[in-house]
Amino acid sequence: QVQLVESGGGLVQAGGSLRLSCVASRSIFTIPVMGWYRQAPGKERELVATITSNGNTDYANSVKGRFTISRENAKNTVDLQMNSLKLDDTAVYFCNCKSRLADYWGQGTQVTVSS
């Protein structure tokens with residue numbers, strides 16, 4: 001059982017930046033993959049970025065070059081730095097913990113990008 005709590009969402013103007021943080025209830029040192037997903041109204045939840053226990057990262061094409069995922073295992077945190085935000089980035093962002101036997105999700109944090 002892993003509990004995840006996201007924070008850092010809010011309202012930001014297009015072109016601006018936000019940094020999201022996910023704090024896990026226990027050590028994530030051995031968790032194979034941590035990630036961020038997002039879901040906009042009326043759309044399916046989609047992958048934003050993932051990071052492995054070894055620090056390897058993958059990004060959705062739509063955020064490459066703009067978003068950076070990082071992992072601080074000693075702090076049990078996974079952050080998502082979001083730069084050059086666009087209107088289409090507006091969504092609820094969810095932290096994900098992908099263990100070998102189960103997936104865990106946070107409650108989400110709202111990101112709203114305005115023009």
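None of these values were measured; they are calculated from a predicted model. (Residues numbered from 1 in each chain as written. Predicted model: local features only at pLDDT ≥ 70, side-chain atom pairs only at ≥ 80, totals over all residues. Heavy atoms only, no water.)

Student: When you look at the side chain of Arg66 in this model, what are you seeing that I'm missing?
Tutor: With respect to the helices, strands and loops of the structure, Arg66 is situated in the loop between strand E6 (57-59) and strand E7 (67-72). Given the relative accessible area of 10%, Arg66 is considered buried. Apart from residues no more than four positions distant in its own chain, Arg66 is found in contact with Gln81, Met82, Asn83, Ser84, Leu85, Lys86 and Asp89. (Helix = DSSP H or I, 4+ residues; strand = E, 2+ residues; numbered from the N terminus. Buried < 20%, exposed > 50% of the residue type's maximum accessible area, 1.4 Å probe, protein only. Contact = heavy atoms within 4.5 Å.)

Student: Can you walk me through the environment of Ser27 in this structure?
Tutor: Residue position: Ser27 is located in the loop between strand E3 (18-24) and strand E4 (33-39). A relative accessible area of 38% places Ser27 in the partly exposed class. As for Ser27 and Asn96, which are separated by 69 residues in sequence, their C-alpha atoms are 14 Å apart. Within the local environment of Ser27, its side chain forms a polar contact with the backbone nitrogen of Phe29, the two atoms lying 3.2 Å apart. (Polar contact = N/O pair within 3.5 Å; in protein donor to acceptor, adjacent residues only side chain to side chain.)

Student: Is there a simple way to think about the nonpolar core in this case?
Tutor: Most often, soluble globular proteins keep nonpolar side chains buried together rather than apart. Formed by 30 residues in total, the largest nonpolar core has its most connected members in Leu4, Met34, Trp36, Leu80, Met82 and Tyr93. Elements with a contribution of two residues or more to this core: E3, E4, strand E5 (46-52), E7, strand E8 (77-82), strand E9 (91-98) and strand E11 (109-114). Setting aside its immediate chain neighbours within four residues, Tyr93 contacts Glu6, Leu20, Trp36, Tyr37, Arg38, Val48, Phe67, Leu80, Met82, Gly108, Thr109 and Val111. (Core = buried A, V, L, I, M, F, W, Y, C linked by side-chain atoms within 4.5 Å.)

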